[in-house]
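Chain and residue survey
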Amino acid sequence: MLLEVRDVGKTYQTREGAFTALEGVSLEVGQGDTVGLIGTSGSGKSTFASILAGLETADSGTIAFCGAIWDASVRPSRRQGAYRDAVRNLQMVFQNAPASFSERMRVGQGIAEGIAYRSEVPAREHGWRVDEALEMVGLPTSYAHRYPWELSGGECQRAAIARAIISRPRLLICDEPTSALDVTVQAQVVHLLADLCSEMDMACLFISHDLALVRGLCRWVYVLDSGRIVERGPAALLFNDPQAEATKRLVASVAAI
C-alpha cells in the first residue's frame, strides 16, 4: 500500500469551545490508484488534506507513506529523515490556483518551484523540465513566459498541476481543484488528471463535494461526514447503493439537480 492513514484526529479550540474537525479517520491509497474523499462543506476534507501534506499537525494518528511511518501529531519540522525522503514523493494541487502562484513570477518560474530545491535535479534541467510539464498538461511551452494573471482559470489550474507533477510524485493530493471552474473546464481537468495518473503510474487522492467528478475519476471512494468516515467502497457500488445517511443525502442532492 502506498499510503495508509490510521486514526487521525484533529480538534480546534474556538471561543465557543472545542470543535472536532476529524475523529479517527483512516484511509488507504494504493500505488497508481485513484481514490475519492467526498463530503459536504465543513466535513473536514481540507483539514485532512492539509495534515497529509504536512501543512497542519494532527492531534493523533499515524501516516505511512512510501515505506516511512510517522506520528501525525509531531510537527513536520521535527520529523526525521525517513519522513523527509518520503514526502518528496507527494504533491498537492490547491483549490485556488491563481492564489498559489506569485503574481510577480512568470508561470515557468512558478512551475520550476516544484524542483527548485531538489539537489538531484540540476539547474540546467529546469528549463526543459518546465516545458515538458507544460506539454503534459496541454499548455503551450510559451506560457512559461506569461504571468498567472494572464491565464484563464482553467489554464492556471493546468499550470498548477504542471508544478505538482514536474517532480514526478507518486501521490497527487487534489483539494477541490475544480470548484472555481465552470462545468466544461471541470470535466477537462478531471480527464487530464485521469490521463496523467495512467501515464505516470501516479496515485491520486481527489477531494471534492462534486460526486459526478469523483465518480468519473475515482475507483474507490470514502465519505467524510462531521469529521468521521461513515462509508467507503468501490465508486460504482457506493453511488448506486449508498448505505450511510450522509452518502444518501449527497447522492440525492445530485439526483435533484
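Here is a short report on the structure shown in this document. (Residues numbered from 1 in each chain as written. Predicted model: local features only at pLDDT ≥ 70, side-chain atom pairs only at ≥ 80, totals over all residues. Heavy atoms only, no water.)

**Description of the sheet that holds strand β9 (residues 220–225)**
Pairing within the open sheet is mixed, and its 6 strands lie in the order β6-β7-β8-β3-β9-β10. At either margin of the open sheet sits one strand with a lone partner, and together these are β6 (90–93) and β10 (228–234). Put simply, the sheet's adjacent strands are angled 15° from each other on average, direction ignored. Alignment of β6 against strand β7 (residues 171–175), held across 4 bridges, turns out to be parallel. By the bridge assignment for β7, Met 92 is matched with Ile 173. The sheet strands contacting helix α1 (residues 45–52) are β3 (34–38), β6, β7, β8 (203–208) and β9, and the helix crosses β8 at an angle near 150°. Across the sheet, helix α6 (residues 183–200) lies against β3, β7 and β8, angled at about 160° from β8, the strand it touches most. (Pairing = 2+ DSSP bridges. Helix = DSSP H or I, 4+ residues; strand = E, 2+ residues; numbered from the N terminus. Axes fitted to C-alpha atoms, helices over the stretch in contact; angles between N-to-C directions. Contact = heavy atoms within 4.5 Å.)

**A few points about the packing of helix α5 (residues 153–165) against α6**
The description of two helices packed together rests on the angle between their axes and the distance between the axes. Closest axis-to-axis distance for the α5/α6 pair is 10 Å, and the angle between their directions is 20°. With respect to α6, the axis of α5 lies roughly parallel. Both α5 and α6 take part in a crossing whose hand is right-handed. For the pair α5 and α6, the contacting residues are Gly 154, Arg 158, Ile 161 and Ile 165 in the first and Val 185, Gln 188, Val 189, Leu 192, Leu 193, Leu 196 and Met 200 in the second. (Parallel < 35°, antiparallel > 145°, perpendicular 65-115°, else oblique. Left-handed = near helix turned anticlockwise from the far one by under 90°.)

**Observations concerning the nonpolar core**
Counting residues in hydrophobic clusters, the biggest one holds 49 residues, and the most contacted among them are Ile 38, Ile 111, Val 137, Ile 161, Phe 206, Val 221 and Phe 239. Residue contacts for Ile 161: discarding those within four places in its chain leaves Val 93, Val 137, Val 189, Leu 192, Leu 193 and Leu 196. (Core = buried A, V, L, I, M, F, W, Y, C linked by side-chain atoms within 4.5 Å. Buried < 20%, exposed > 50% of the residue type's maximum accessible area, 1.4 Å probe, protein only.)

**Remarks on unusual backbone geometry**
Positioned with a positive phi, Cys 66 is a non-glycine residue whose angle comes to about 55°. Among the structural elements, Cys 66 can be located in the loop between β4 (60–65) and β5 (68–71). Despite not being glycine, Glu 176 shows a phi value in the positive range, around 50°. Looking at the element boundaries, Glu 176 is found in the loop between β7 and α6. Residue Glu 176 is classed as buried on the basis of its relative accessible area, which comes to 8%.

**Here's the deal with the sheet that holds strand β2 (residues 17–29)**
Here we have 4 strands laid out as an open sheet, ordered β2-β1-β4-β5, and antiparallel in their pairing. The open sheet terminates on both sides in strands that have one partner only, identified here as β2 and β5. On average, each strand axis in the sheet is tilted by 20° relative to the strand beside it, whichever way the strands run. Sheet topology places strand β1 (residues 3–14) next to β2; 9 bridges connect them, and they run antiparallel. Along β2, the bridge assignment pairs Thr 14 with Gly 17. In this fold α1 packs onto β1, β2 and β4, with an angle of close to 120° to the strand it touches most, β1.

**Some points on α6**
With 18 residues, α6 extends 26 Å between its outermost C-alpha atoms, agreeing within 8% with the 26 Å of an ideal straight helix rising 1.5 Å per residue. Looking only at α6, the buried set comprises Val 185, Gln 186, Val 189, Val 190, Leu 192, Leu 193, Leu 196 and Cys 197. The buried residues of α6 occupy an angular sector of 160° when the element is viewed end-on, so they sit on one face. Along α6, the residues that are exposed and aim more than 90 degrees away from the buried face are Val 183, Thr 184, His 191, Ser 198 and Glu 199. You can read the cap of α6 off the contacts: a side-chain oxygen lies 3.2 Å from the backbone nitrogen of Thr 184, and it is on Asp 182. Looking at the residues trailing α6, positive phi occurs at Asp 201, about 50°. (Expected span 1.5 Å × (residues − 1). Arc of directions from axis to C-beta. Polar contact = N/O pair within 3.5 Å; in protein donor to acceptor, adjacent residues only side chain to side chain.)

**Quick word on the packing of aromatic side chains**
This model, assessed by the stated rule, comprises 2 aromatic pairs. Ring plane angle 80° and centroid distance 4.7 Å describe the contact between Trp 70 and Tyr 83, whose orientation is recorded as edge-to-face. Taken together, the positions of Trp 70 in strand β5 and Tyr 83 in helix α2 (residues 81–87) put the pair 13 residues apart, joining distant regions of the chain. Judged by its relative accessible area of 7%, Trp 70 is buried. Aromatic pair Tyr 147 and Trp 149: ring centres 5.5 Å apart, planes at 5°, arrangement stacked. Look at Trp 149 and you get exposed, because its relative accessible area is 57%. Sitting over the ring of Tyr 83, Arg 79 keeps its end group 4.8 Å from the ring centre. (Phe/Tyr/Trp six-rings, centres within 6.5 Å; stacked < 30°, edge-to-face > 60°. Lys NZ or Arg CZ within 6 Å of the ring centre and 35° of its normal.)

All quantities given are derived from atomic positions and should not be read as evidence of function.
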